[in-house]
Amino acid sequence: MFSISDTYKLADGNEMPALGYGTYLIDTPELMDKSIEEAWKDGYRLFDTAQLYRNEMYLGDAIRRLGLKRDDVFITDKITEMNQGYDTVIESAEFSLQQLGTDYFDLLLVHWPVADKFFDTWRAFEELKKQGKAKSIGVSNYTQSQLELLATQANEMPVVNQIETHPYLTQQPMIDYDKSKDIITQAWSPLGRGLVLDDPMIKKIANHHGKSVAQVILKWQLSRGLSIIPKSQNPDRIKENTELDFDLSDDEITMIDILNKNQRTGNEPELVYELGKQY
Ligand code: A2P
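### Remarks on the overall build of the protein
For the protein, the count of helices and strands is 11 helices and 10 strands. Here the protein has a C-alpha radius of gyration of 18 Å; the compact-globule value for 279 residues is 19 Å, and the two agree. With respect to the three principal axes, the spread of C-alpha positions in the protein is 55 × 45 × 35 Å. The proportion of buried residues among the 279 residues of the protein is 54%. Within the protein, contacts between residues separated by at least 24 positions form 75% of all contacts whose residues are at least 6 apart in sequence. Only carbon and sulfur atoms are counted for the fraction: they give 48% of the accessible area of the protein, which is about 12200 Å². For the protein, the centre of its 30 positive side-chain charges and the centre of its 45 negative side-chain charges are spaced 2 Å apart.

Structure, rendered in structure tokens:
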């Protein structure tokens, strides 16, 4: 059975909530305040932002305005491509901490792999962890070969890999690889940015359980051992996405597994890596 307070134990010993709230596209302080207030009330403790989203300050302010204790929330942030490289990671992380109004990230991720800054960026992440500014360090949008490359020079490996995955992009081999290396896979756009919400097969499963398509997809993601950070700007749906205390049968899980079409809503990590293009 699922509870909103469920956590995963990371390879570095820290705990991370299984379900978090994604703040991508939340672009005003008012919307951030309203969304974080609803999410907190519903039991979310993990809040995911990124330098790219330009809303770190709104998130920090929302947490402060609600009077939440720093220890009671789990903040994930991501270093953008433009800020990769040793010095710029260190400096921009400092700036992000100021924006958030805190002195540590619970989890800091490399947002996308970039070839020419690849090892220097990670060295800075290891340093930030050593300094206590990042409790846990991880990556986002890394492929198996990029993780294998990183392992050739890393002193410690990422404990989380946040990737795009949903029923039309199941990424099972990547998830299996992460698991074999004790890396928790976290799904961004676990609902495929809405792309999957009209799927007839998932609708049938949802009707059978008296649940929504979104709830079935999120439950399927958890059943795969993933952490999820769904996004919603609607208070009812923010709450709905936490109501996952039902079980899918093995057959239902398999029926969703086979919907895969390798359909991305975001960028191809290998291309970002090769071209170093800012997204
Ligand atoms: P909205 O903000 O109007 O709720 P993802 O997290 O995969 O990127 O998906 C985000 C999209 O899914 C948003 O467009 C969001 O719209 C929508 N969404 C989130 N939760 C639900 C839900 N429970 N039911 C329907 N749509 C949802």
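### Examining the pattern of salt bridges
The final tally for this structure, using the stated rule, is 12 salt bridges. The residue K133 makes a salt bridge to E94 at a minimum N-O spacing of 2.8 Å. Of this pair, K133 sits in the loop between α4 (118-130) and β7 (134-140) while E94 sits in helix α3 (residues 86-100), and the two are 39 residues apart along the sequence. Residue E94 is classed as partly exposed on the basis of its relative accessible area, which comes to 31%. A salt bridge links D120 to R123, with the nearest nitrogen and oxygen atoms 3.4 Å apart.

### A few points about unusual backbone geometry
In the Ramachandran plot, L25 falls in the positive-phi region, its phi being about 80 degrees despite a non-glycine side chain. For L25, the position within the fold is in the loop between β3 (20-22) and α1 (29-42). In this structure, Q171 is a non-glycine residue whose phi angle is positive, near 55 degrees. Turning to its location among the elements, Q171 is positioned in the loop between β8 (160-164) and α6 (172-180). With relative accessibility at 16%, the residue Q171 sits in the buried group.

### Here's the deal with the layout of surface pockets
Roughly 370 Å³ of volume is contained in the largest pocket. If you go around the largest pocket, you meet 18 residues; those closest to its centre are L191, R193, G194, K231 and S232. The residue makeup of the lining of the largest pocket, split by class, is seven nonpolar, seven polar and four charged.

### As for the site of the ligand
Near the ligand lie 15 residues; those nearest to it are L191, K231, S232, Q233 and R237. One of the side-chain nitrogen or oxygen atoms of S189 is found 2.8 Å away from an oxygen atom of the ligand. Spatially, the ligand is embedded in the largest pocket. Per-class residue counts for the shell around the ligand are five nonpolar, six polar and four charged.

### Concerning α1
Relative to the 20 Å expected for 14 residues at 1.5 Å per residue, α1 spans 20 Å between its end C-alpha atoms, a close match to the ideal helical length. Taken together, the buried positions of α1 are occupied by L31, M32, S35, I36, E38, A39 and D42. When α1 is viewed along its axis, its buried side chains cluster within an angular range of 165 degrees and face the same direction. In this structure, α1 carries E30 and K41 as exposed residues pointing more than 90 degrees from its buried face. For α1, the secondary structure elements touched by its buried residues are β3, β4 (46-48), α2 (56-65) and α9 (235-240). Where α1 terminates, the next one or two residues include G43, which has phi positive at roughly 105 degrees.

Rules behind the numbers
Residues numbered from 1 in each chain as written. Predicted model: local features only at pLDDT ≥ 70, side-chain atom pairs only at ≥ 80, totals over all residues. Heavy atoms only, no water. Helix = DSSP H or I, 4+ residues; strand = E, 2+ residues; numbered from the N terminus. Rg over C-alpha atoms; globule rule 2.2 N^0.38 Å. Buried < 20%, exposed > 50% of the residue type's maximum accessible area, 1.4 Å probe, protein only. Contact = heavy atoms within 4.5 Å. Areas by Shrake-Rupley, 256 points an atom, 1.4 Å probe, with all protein chains shown as cover. Lys, Arg positive; Asp, Glu negative; His and termini not counted. Charge placed at Lys NZ, Arg CZ, Asp CG, Glu CD. Salt bridge = Lys/Arg side-chain N within 4 Å of Asp/Glu carboxyl O. 1 Å grid on protein atoms, 1.4 Å probe; cavity = no way out; pocket = protein on both sides within 12 Å on 5 of 7 lines; lining within 4 Å. Points joined across faces, edges and corners; volume = space filled by probe spheres on them. Nonpolar A, V, L, I, M, F, W, Y, C, P; charged D, E, K, R; others polar. Near = heavy atom within 4 Å. Polar contact = N/O pair within 3.5 Å; in protein donor to acceptor, adjacent residues only side chain to side chain. Sits in = over half its atoms within 2 Å of the grid points. Expected span 1.5 Å × (residues − 1). Arc of directions from axis to C-beta.

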